Amino acid sequence: MGIVIFDGIAYGMLLFLIAVGLSVTMGLMSFVNLAHGAFAMIGGYAAVTAMNQFGLGFFPALVASFVAAALVGGVLEFTLYRRLYRAHPLDQVLLSIGLVFVSVAVFTYFFGPTIQAFSPPESLTGSMSLMGLEVGRYRLFLIVCGFAILAGLLLVLNRTRYGAMVRAAVDNQRVARGTGIHVQRLFFLTFAFGCGLAGLGGALSLGILGLEPSFALKYLIFFLIVVCVGGAGTIIGPFVAALLVGIVDVAGKYYLPELGAFLIYVFMVITLLVRPNGLIPRKGL
Amino acid sequence: MSELLAFDQVTAGYGDAVVLDRMSFSLEAGKSLAILGRNGVGKTTLLETLMGHTRVMSGSIRWNGQDITRMPSHRRARSGLGWVPQEREVFPSLTVEENLTVVATPGPWNLKRVYELFPRLQERRSNYGNQLSGGEQQMLAIGRALMTNPKLLLLDEPMEGLAPIIVEELALVVKLLCESEGLASVVVEQHPVLTLSMTHHAIVLERGQVVHAGHSQALAEDTHLLHGLLGVGQRPQPSRPSMDAPAGYTLLPQGA
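Source: prediction; values computed, not measured.

So, the overall build of chain A
A count of helical and extended segments in chain A gives twelve helices and two strands. Reading chain A from its N terminus to its C terminus gives the helix and strand order α-α-α-α-β-β-α-α-α-α-α-α-α-α. When the backbone C-alpha atoms are referred to their principal axes, chain A occupies close to 55 × 45 × 35 Å. In chain A, once contacts between residues fewer than 6 apart in sequence are set aside, the share between residues at least 24 apart is 75%. Total accessible area on chain A is roughly 12300 Å²; 71% of this is exposed by carbon and sulfur atoms. Distance from the positive charge centre (16 side chains) to the negative charge centre (9 side chains) of chain A: 18 Å.

The following block contains the structure:
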């Protein structure tokens, strides 16, 4: 029981890291960005390349994954995304799902269709004893990362002027502009940052999920569930939702193997019936 | 006095719908302007156009010696247009203090002075924007505009839905800002009597055009004209709230 919850939390942390950027994109810019998983994939491949081609260690590779995904995210925001901020959601879906297919093809072309080899550093392999539980070191590392990034994000969002600007723009874009906030630049920075976090999540997922070109599509549904269930535009919402989805998914597969894959959908439907705006809707909704 | 703001044959609206139809008017520096008219004649659209939230099809807007017709909203705000939106629209997930500091720009107006003007806001500094009464929200919306250190305040139906005593206090503040700070206002309102008492000049809109322009006082005294333009003022109005501040009065009473 304990280990199922622990593994569920570790899996949830991964989902949180990847999906939190999507929550901000959907909440702040009202942009339905189905390509968010592609940025996670960019991070994953960047980390693999950094380690296997350039011989970097795992931790520098994590930095590289963030930078690579944030850079690509920034370029795409500037060239494509910002043209569709006011477009119909269907247009946004078409553009972003198109980007997913492009990314699948590009990574298949350069890296082949197979799962990428990855071996975590010595310090993160094996297991250790924690409060009477034998837990995987890598999963423990994921949980620590998740909490650290959650704390960092909450600090930035709630305690800095930049964070207040983001919240103001999420609340009311028109008034934010009309009171002098440069919303377009805010979008650019936030979008790139969210992509960077997704990239970091993608790199961290190397030790848990397999990285292959269909990654962006395969896990998309999980990211969307986390954001919908949690409530778009918040940090805490996706965090709670990601942990619940992670635990439900791992527990389902462990205890009810024949039903396991369906349980998270049941969970999502029930949560949204009870709380249509998500577990933790943002203030003023 | 030099011209501060001018609309020159501005046609604007939303999508393909025209709301302002070749509208022209101008405003001198240091003078307050009332924008009156019945429901749906384009009063709010005028302010929204000035802030860059509508589609301008033709004409030009000059502000402070600059053509701002195509300027993005946030630059207009930074160039000194202090917008107080209809329905206040304070940021609900920001505290009172964050609502003020998030838009702050350097200048004579800062947090301390806004709190001096509205002590009530200081008492509620840690409350979120959606935990305030209507009057407090309006104070916050005005305070937020002041924090951008504006050259002109744009007030969109500032008295709507507020208790009469709050309305009087806010009107007093707007007058004081003009008289002691030299900060003039453009006031959009349904109710002409109070608005005319707060302003120097007035324009009356109908179907997106200016149908009357003149001194506020003259319009307030001409009840027949006022009735003809707005459908009010036929009967002599009951004595209107005095907007003259007592000597030495600079701040709102505590706990207003």
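Having seen the structure, we can now continue with the description.
Some details on the layout of surface pockets
Of the pockets and cavities examined, the largest pocket occupies roughly 530 Å³. Every residue lining the largest pocket is counted, 18 residues in all, and those nearest its centre are Arg-86, Gln-173, Arg-177 and Gln-184 of chain A together with Ser-73 of chain B. Taken together, the elements giving at least two residues each to the lining of the largest pocket come down to helix H7 (173-178) and helix H8 (183-204) of chain A together with helix H2 (73-78) of chain B. For the lining of the largest pocket, the residue count by class is five nonpolar, eight polar and five charged.

A closer look at the pattern of salt bridges
Residue and element names in this part refer to chain B. Per the counting criterion, the structure on display carries 17 salt bridges over all chains. Notably, a salt bridge pairs Arg-55 with Asp-16, separated by 3.5 Å at the nearest N-O pair. One end of the pair, Arg-55, is in strand S4 (residues 55-63); the other, Asp-16, is in the loop between strand S1 (3-14) and strand S2 (17-28), with 39 residues separating them in the sequence. Taking the relative accessible area as the measure of exposure, Arg-55 reaches 43% and is therefore partly exposed. A salt bridge links Arg-124 to Glu-136, with the shortest nitrogen-to-oxygen separation between them at 2.8 Å. On the criterion of sequence distance, the pair formed by Arg-124 in the loop between helix H5 (119-123) and helix H6 (134-147) and Glu-136 in helix H6 is long-range, its members being twelve residues apart.

Quick look at the sheet that holds strand S6 (residues 81-84) of chain B
Residue and element names in this part refer to chain B. Taken in spatial order, the six strands line up as S6-S7-S8-S3-S9-S10 in an open sheet, and their pairing is mixed. The sheet terminates laterally at S6 and strand S10 (209-215), the two strands that pair on one side only. Ignoring which end each strand starts from, the neighbouring axes of this sheet average 15° apart. Pairing analysis gives five bridges linking strand S7 (residues 152-156) to strand S8 (residues 184-188), with the strands arranged parallel. The residue of S8 that forms the bridge with Leu-155 is Val-187. Running at roughly 140° to S7, helix H1 (residues 43-50) makes contact with strand S3 (33-36), S6, S7, S8 and strand S9 (201-206) of the sheet.

Here we look at the packing of aromatic side chains
This model, assessed by the stated rule, comprises 24 aromatic pairs over all chains. An angle of 90° between the planes, with centres 5.9 Å apart, marks the rings of Phe-31 of chain A and Tyr-85 of chain A as edge-to-face. On the criterion of sequence distance, the pair formed by Phe-31 of chain A in the loop between helix H1 (2-29) and helix H2 (36-52) and Tyr-85 of chain A in the loop between helix H3 (58-79) and helix H4 (89-111) is long-range, its members being 54 residues apart. The exposure classification of Phe-31 of chain A matches that of Tyr-85 of chain A, with both residues buried. Between the aromatic rings of Tyr-109 of chain A and Phe-110 of chain A, the centroid separation amounts to 5.0 Å while the plane-to-plane angle is 85°, which identifies the pairing as edge-to-face. One exposure class covers both Tyr-109 of chain A and Phe-110 of chain A, and it is exposed. In textbook terms, an aromatic cluster arises when at least three aromatic residues are bridged by ring pairs, as seen for Phe-31, Phe-39, Tyr-81, Tyr-85, Phe-187 and Phe-191 of chain A. Taking the ring centre of Trp-109 of chain B as reference, the NZ or CZ of Arg-113 of chain B above it sits at 4.1 Å. Its guanidinium or amino end placed over the ring of Phe-91 of chain B, Arg-144 of chain B lies 4.9 Å from that ring's centre, counting from NZ or CZ.

Details of helix H11 (residues 236-255) of chain A
Residues and elements named next belong to chain A. Taking 1.5 Å per residue, 20 residues should reach 28 Å; H11 reaches 28 Å between its end C-alpha atoms and fits that length. Listed as buried for H11 are Gly-237, Pro-238, Phe-239, Ala-241, Ala-242, Leu-243, Val-245, Gly-246, Asp-249, Val-250, Ala-251 and Gly-252. Buried-residue contacts for H11 involve H1, helix H5 (137-159), helix H10 (220-230) and helix H12 (260-274).

Considering the side chain of Thr-45 of chain B
You can see Thr-45 of chain B is positioned in helix H1. Ignoring any residue separated from it by four or fewer positions in sequence, one finds Thr-45 of chain B in contact with Tyr-14, Val-19, Leu-20 and Thr-54 of chain B.

A few points about the interface of chain A and chain B
Counting residues at the interface gives 19 residues for chain A, matched by 23 residues for chain B. For the pair chain A and chain B, the summed buried area comes to about 1900 Å², and 56% of that belongs to carbon and sulfur atoms. The interface formed by chain A and chain B holds three salt bridges in total. With a closest N to O distance of 2.8 Å, Glu-98 of chain B and Arg-167 of chain A form a salt bridge. Here chain A is connected to chain B by twelve residue pairs in polar contact (both at pLDDT 80 or more). Taken together, the elements giving at least two residues each to the side of chain A that touches chain B come down to helix H6 (161-171) and H7 of chain A. It is H6 of chain A that provides the largest number of residues to the side of chain A that touches chain B, a total of six residues. Looking at side-chain class alone, the side of chain A that touches chain B contains six nonpolar, seven polar and six charged residues.

Notes on unusual backbone geometry
All names here are of chain B. Of note in the backbone geometry, Arg-22 takes a positive phi value of approximately 45° without being a glycine. Mapped onto the fold, Arg-22 is located in strand S2. At Glu-87, a position not held by glycine, the phi torsion is positive, near 60°. Taking relative accessible area as the criterion, Glu-87 reaches 58% and is therefore assigned exposed.

Observations regarding the confidence of the model for chain A
On average, residues of chain A score 90 in pLDDT, and 99% of them are at 70 or above. The secondary structure element of chain A with the lowest average pLDDT is strand S1 (residues 127-130) of chain A, at 81, and the one with the highest is H3 of chain A, at 96.

Points about H1 of chain A
Given a rise of 1.5 Å per residue, 28 residues ought to cover 40 Å, and the 39 Å separating the end C-alpha atoms of H1 of chain A matches this to within 8%. Most pronounced at Ala-19 of chain A, the bend in H1 of chain A amounts to some 40°.

So, the UniProt feature "transmembrane region" (unreviewed entry) in chain A
Residues and elements named next belong to chain A. Under the local residue numbering, the UniProt record ascribes the feature "transmembrane region" (unreviewed entry) to residues 12-34, 54-81, 93-118, 138-157, 186-209, 221-248 and 255-274. Here residues 221-248 runs as 82% helix and 0% strand, with 15 Å between its end C-alpha atoms. Regarding residues 255-274, the helix share stands at 80% and the strand share at 0%, and the terminal C-alpha atoms are separated by 25 Å.

The rules we used
- Residues numbered from 1 in each chain as written.
- Chains lettered and ligands numbered in written order.
- Predicted model: local features only at pLDDT ≥ 70, side-chain atom pairs only at ≥ 80, totals over all residues.
- Heavy atoms only, no water.
- Helix = DSSP H or I, 4+ residues; strand = E, 2+ residues; numbered from the N terminus.
- Contact = heavy atoms within 4.5 Å.
- Areas by Shrake-Rupley, 256 points an atom, 1.4 Å probe, with all protein chains shown as cover.
- Lys, Arg positive; Asp, Glu negative; His and termini not counted.
- Charge placed at Lys NZ, Arg CZ, Asp CG, Glu CD.
- 1 Å grid on protein atoms, 1.4 Å probe; cavity = no way out; pocket = protein on both sides within 12 Å on 5 of 7 lines; lining within 4 Å.
- Points joined across faces, edges and corners; volume = space filled by probe spheres on them.
- Nonpolar A, V, L, I, M, F, W, Y, C, P; charged D, E, K, R; others polar.
- Salt bridge = Lys/Arg side-chain N within 4 Å of Asp/Glu carboxyl O.
- Buried < 20%, exposed > 50% of the residue type's maximum accessible area, 1.4 Å probe, protein only.
- Pairing = 2+ DSSP bridges.
- Axes fitted to C-alpha atoms, helices over the stretch in contact; angles between N-to-C directions.
- Phe/Tyr/Trp six-rings, centres within 6.5 Å; stacked < 30°, edge-to-face > 60°.
- Lys NZ or Arg CZ within 6 Å of the ring centre and 35° of its normal.
- Expected span 1.5 Å × (residues − 1).
- Buried area = accessible area lost by both parts, 1.4 Å probe.
- Polar contact = N/O pair within 3.5 Å; in protein donor to acceptor, adjacent residues only side chain to side chain.
- pLDDT = per-residue confidence, 0-100.
- Bend = angle between axes of the 7 residues up to and from the residue.
- UniProt positions renumbered as here; feature names shortened; annotations may be inferred.

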